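Structural description and commentary
One-letter residues, chain by chain:
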Amino acid sequence: MKYKKPVINRIDFAISSKYGSPLHSQKIRTEIDGIGVHELVEQYGSPLFVFSQKRIKEQYMQLKQAFEDRYPKLKLSWSYKTNYLNAICKIYHQLGSGAEVVSEFEYDKALANNVTPSDIIYNGPYKPKEYLKKAILNNSKIHVDHLLELEDVQSIAQELDQVVNVAIRVNMDVGVYPNWNRFGFNYDNNEAYEAIKFIANSPYLNLNGLHTHIGTFILEANAYKIATIKLMKLRQQALEEFGMNVEYIDLGGGFASKNHLKGIYQSPEVVVPSVDEYAQAITNAIYEYNTSDELPTLYLETGRYLIDEAGYLLTSIQAYKRLPNGMKSYILDAGVNILYTSAWYNFNIEIDKDYDNLTEPSILNGPLCMNIDVINDNISLPPLERNSILTISPVGAYNITQSMQFIRYRPRVVLIDDDSNTRLIRQEDDLQSVMAKELE
Amino acid sequence: MLHQIIIDENNMGFIPSIGASFQMNETAREIINHIQQGLHKDDIIQALVAKYGISQQEALIDVNDFFMKLKIYGLIQ
Ligand SMILES: Cc1ncc(COP(=O)(O)O)c(C=O)c1O
């Protein structure tokens, strides 16, 4: 007779009706793109980030298709901060994406990845003057955040004795809160209009773009309609009042991935708009509000939507114990230092086989010696064996770039290509890399 | 408390005096039966090892864990 570890749960009807029955079936994942999770861990170690090139391409084509089916002039810019591993960036560049960067090193990384300099969008609230100048000389797209920066650009243009094209970042109320109003010029109080006037009055500046990024994980497609309308109205004013033909509008990023936001009880399939809904909201508004002879080029700086679902984290059960409150605590080899987004997502967590056993309330703890190192504080799991593997997803967006070298080394990253071959795209940290910049 | 538990054919346990219900699997039921028959922890471990051919260590960890859970639920002292 097959042994099953003993499980007993007290049935609290209030709890089971609120959080679902403890009997509910567990999700199982044995492979990613045809490669076994155990095989991956045997070859590359645990924990391990795994990216699927197939999935990256599928998401990209879906986004591109949704917009190109509706609109003739689309440019996509890969948002570097979302995931700037070169191997990942290069996939997007090969697919035709430019780059959207917000710092000097991201800018240099995009150049090193052979992005045409004019296809680099330089965003962000702080751009050192030396990099502004570099971007101007390279003819990159500069999205100005504030008036002082506009003056910086003007003084560089004056020094170079040339007219410099700029775009301004615009913030606005689109009915989504918190309102991202710290970046760029405000639309609703006319600050954006005043910035356009400043540009129009400067012999050294020309307005060629209008940009907004209304926030991230936006669950309302209609917010994009409002944002598009506001940018189109500014574009009309720039042309009619100041004779400046704005070539492009940039709606930033923010499309939600199928991740499960904490505090939202419906599944992502229910609450996350489809990419067609986002595309429809934006493109319909452009057509409706375009008054010039020429349609603007539409730029998107989509990050999360493109990469989140293509990334998985494999982690192994290192130990388990019973907590004083009766919960089973599992100690994993991956912690919150490499899962920054665990603060706001309840990830999809899949086990590596069918245990054919009852589940019990469990908590997933990372290996850090910190009380906050919790990846899931209440999940129903059957008693898992030591060394079994959990697959955590979607983790492709922001976790690698925001991961922290803290207590444990950051793990390896593997890419599974279109033909299901695996390739190491980042080595794990080691003592040497951790100490590389230390001086005694 | 544990001697009062009534376990039905679906492995649902009920303790009438406190109105508490429990869900358990076959192994949990087996261990509870052993406790009700007066077996000590060490004997239960040996019984599991003999019946399922699992290691001494696995049986020890699982039975200790199970006893702790029974204690947390107030079913044993
Ligand atoms: C200016 C800008 N563009 C694009 C993005 C990418 O956003 P997302 O990953 O939500 O698509 C961000 C993210 O914060 C951003 O700040």
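Residues numbered from 1 in each chain as written. Chains lettered and ligands numbered in written order. Predicted model: local features only at pLDDT ≥ 70, side-chain atom pairs only at ≥ 80, totals over all residues. Heavy atoms only, no water.

Topic: the overall build of chain A
Secondary structure summary: chain A contains 13 helices and 21 strands in total. Taking the principal axes of the C-alpha coordinates as reference, chain A spans close to 85 × 55 × 40 Å. Burial statistics for chain A: of 440 residues in total, 55% are counted as buried. The long-range fraction of contacts in chain A, counting pairs at least 24 apart against all pairs at least 6 apart in sequence, stands at 70%. A total accessible area of about 19,400 Å² is found for chain A, and carbon and sulfur atoms account for 48% of it. For chain A, the separation between the mean place of its 43 positive charges and that of its 55 negative charges on side chains is 5 Å. (Helix = DSSP H or I, 4+ residues; strand = E, 2+ residues; numbered from the N terminus. Buried < 20%, exposed > 50% of the residue type's maximum accessible area, 1.4 Å probe, protein only. Contact = heavy atoms within 4.5 Å. Areas by Shrake-Rupley, 256 points an atom, 1.4 Å probe, with all protein chains shown as cover. Lys, Arg positive; Asp, Glu negative; His and termini not counted. Charge placed at Lys NZ, Arg CZ, Asp CG, Glu CD.)

Thoughts on a nonpolar patch on the surface
Together, Met370, Ile372 and Ile407 of chain A line one region of the surface with nonpolar side chains, adding up to about 310 Å² of accessible area. Here Ile407 of chain A is to be found in the loop between β19 (389-393) and β20 (412-416). (Patch = residues over 30% accessible without salt bridge, like charges linked within 9 Å, V, L, I, M, F, W, Y side chains within 5 Å. Salt bridge = Lys/Arg side-chain N within 4 Å of Asp/Glu carboxyl O.)

Quick word on the packing of helix α3 (residues 53-68) of chain A against helix α4 (residues 86-94) of chain A
Packed helices, taken two at a time, are described by their axes: the angle between them and the distance between them. All names here are of chain A. Across the interface, α3 lies against α4 with an axial gap of 11 Å and an inter-helix angle of 40°. By the angle between their axes, α3 is oblique relative to α4. For the crossing formed where α3 meets α4, the hand is right-handed. Residues Gln53, Ile56 and Tyr60 of α3 form the contact with α4, whose own contacting residues are Ile88, Ile91 and Tyr92. For the contact of α3 with α4, a count of residues per class yields five nonpolar, one polar and no charged. (Axes fitted to C-alpha atoms, helices over the stretch in contact; angles between N-to-C directions. Parallel < 35°, antiparallel > 145°, perpendicular 65-115°, else oblique. Left-handed = near helix turned anticlockwise from the far one by under 90°. Nonpolar A, V, L, I, M, F, W, Y, C, P; charged D, E, K, R; others polar.)

Quick word on the pairing of strand β17 (residues 360-365) of chain A
Moving residue by residue along a regular strand, the side chains alternate between the two faces of the sheet. All names here are of chain A. The buried count for β17 comes to five of six residues, which makes it a mostly enclosed element. As defined by bridge partners, strand β15 (residues 328-332) adjoins β17 across four bridges and the pair is classed as parallel. Paired with Tyr330 across the two strands is Leu364, which belongs to β17. Direction of pairing for β17 relative to strand β18 (residues 374-381): antiparallel, over a ladder of five bridges. Looking at the pairing, Ser362 lines up with Ile379 of β18. (Pairing = 2+ DSSP bridges.)

Digging into the confidence of the model for chain B
Looking at chain B, the pLDDT average stands at 95 and 100% of residues meet or exceed 70. Model confidence for the complex: the whole-complex pTM is 0.94, and ipTM, which rates the interface, is 0.98. (pLDDT = per-residue confidence, 0-100.)

Observations concerning the interface of chain B and chain A
The interface is formed by 26 residues belonging to chain B together with 24 residues belonging to chain A. The largest contributions to the chain B side of the interface with chain A come from Gln23, Asn25 and Lys69 of chain B, which together make up 30% of the buried area. Here Lys5 of chain A and Glu58 of chain B are joined by a salt bridge, their closest N and O atoms 2.9 Å apart. At the boundary of chain B and chain A, one finds 14 residue pairs in polar contact (both at pLDDT 80 or more). For the side of chain B that touches chain A, the secondary structure elements donating two or more residues are β3 (20-24), α1 (26-36), α2 (41-52) and α3 (56-72) of chain B. With nine residues, the top contributor of residues to the side of chain B that touches chain A is α3 of chain B. A per-class count over the side of chain B that touches chain A returns 16 nonpolar, four polar and six charged. (Buried area = accessible area lost by both parts, 1.4 Å probe. Polar contact = N/O pair within 3.5 Å; in protein donor to acceptor, adjacent residues only side chain to side chain.)

Topic: the site of the ligand
Residues and elements named next belong to chain A. Close to the ligand lie 15 residues, the nearest being Thr216, Gly254, Glu301, Arg304 and Tyr398. Between an oxygen atom of the ligand and a main-chain N or O atom of Gly254, the distance comes to 2.8 Å. Contact between the ligand and Gly303: an oxygen atom at 2.9 Å from a main-chain N or O atom of the residue. Comparing atom positions with the cavity grids shows the ligand to sit within the second largest pocket. For the shell around the ligand, the residue count by class is one nonpolar, nine polar and five charged. (Near = heavy atom within 4 Å. 1 Å grid on protein atoms, 1.4 Å probe; cavity = no way out; pocket = protein on both sides within 12 Å on 5 of 7 lines; lining within 4 Å. Sits in = over half its atoms within 2 Å of the grid points.)

Looking at the packing of aromatic side chains
Residues and elements named next belong to chain A. Taken as a whole, this structure holds 20 aromatic pairs over all chains when the rule is applied. Relative to Tyr278, the ring of Tyr224 lies with its centre 5.5 Å away and its plane at 80°, an arrangement referred to as edge-to-face. Residue Tyr224 is located in helix α9 (residues 221-242), and its partner Tyr278 is located in helix α11 (residues 275-289); the two are separated by 54 residues in the primary sequence. Of the two residues, Tyr224 and Tyr278, both sit in the buried class. Grouped by ring-pair contacts, the aromatic residues Phe217, Tyr340, Trp344, Tyr345 and Phe347 constitute a single cluster. Between Lys127 and the ring centre of Tyr122, over which it is positioned, the NZ or CZ distance is 5.8 Å. It is Lys328 that lies over the ring of Tyr320; its NZ or CZ is 4.7 Å from the centre. (Phe/Tyr/Trp six-rings, centres within 6.5 Å; stacked < 30°, edge-to-face > 60°. Lys NZ or Arg CZ within 6 Å of the ring centre and 35° of its normal.)

Some points on α2 of chain B
Residue and element names in this part refer to chain B. When the terminal C-alpha atoms of α2 are compared, their 17 Å separation across 12 residues agrees well with the 16 Å that a helix rising 1.5 Å per residue should span. Taken together, the buried positions of α2 are Ile44, Ile45, Leu48, Val49 and Tyr52. Looking down the long axis of α2, one finds its buried residues gathered within 135° of arc, a one-sided arrangement. Of the exposed residues in α2, the ones pointing more than 90 degrees away from its buried face are Asp42 and Ala50. Packing partners of the buried residues in α2 comprise α1 and α3. (Expected span 1.5 Å × (residues − 1). Arc of directions from axis to C-beta.)

Topic: the environment of Ala20 of chain B
Residue and element names in this part refer to chain B. With respect to the helices and strands, the residue Ala20 is situated in strand β3. By relative accessible area, Ala20 is classed as buried at 3%. A C-alpha to C-alpha distance of 28 Å links Ala20 and Asp42, two positions 22 residues apart in sequence.

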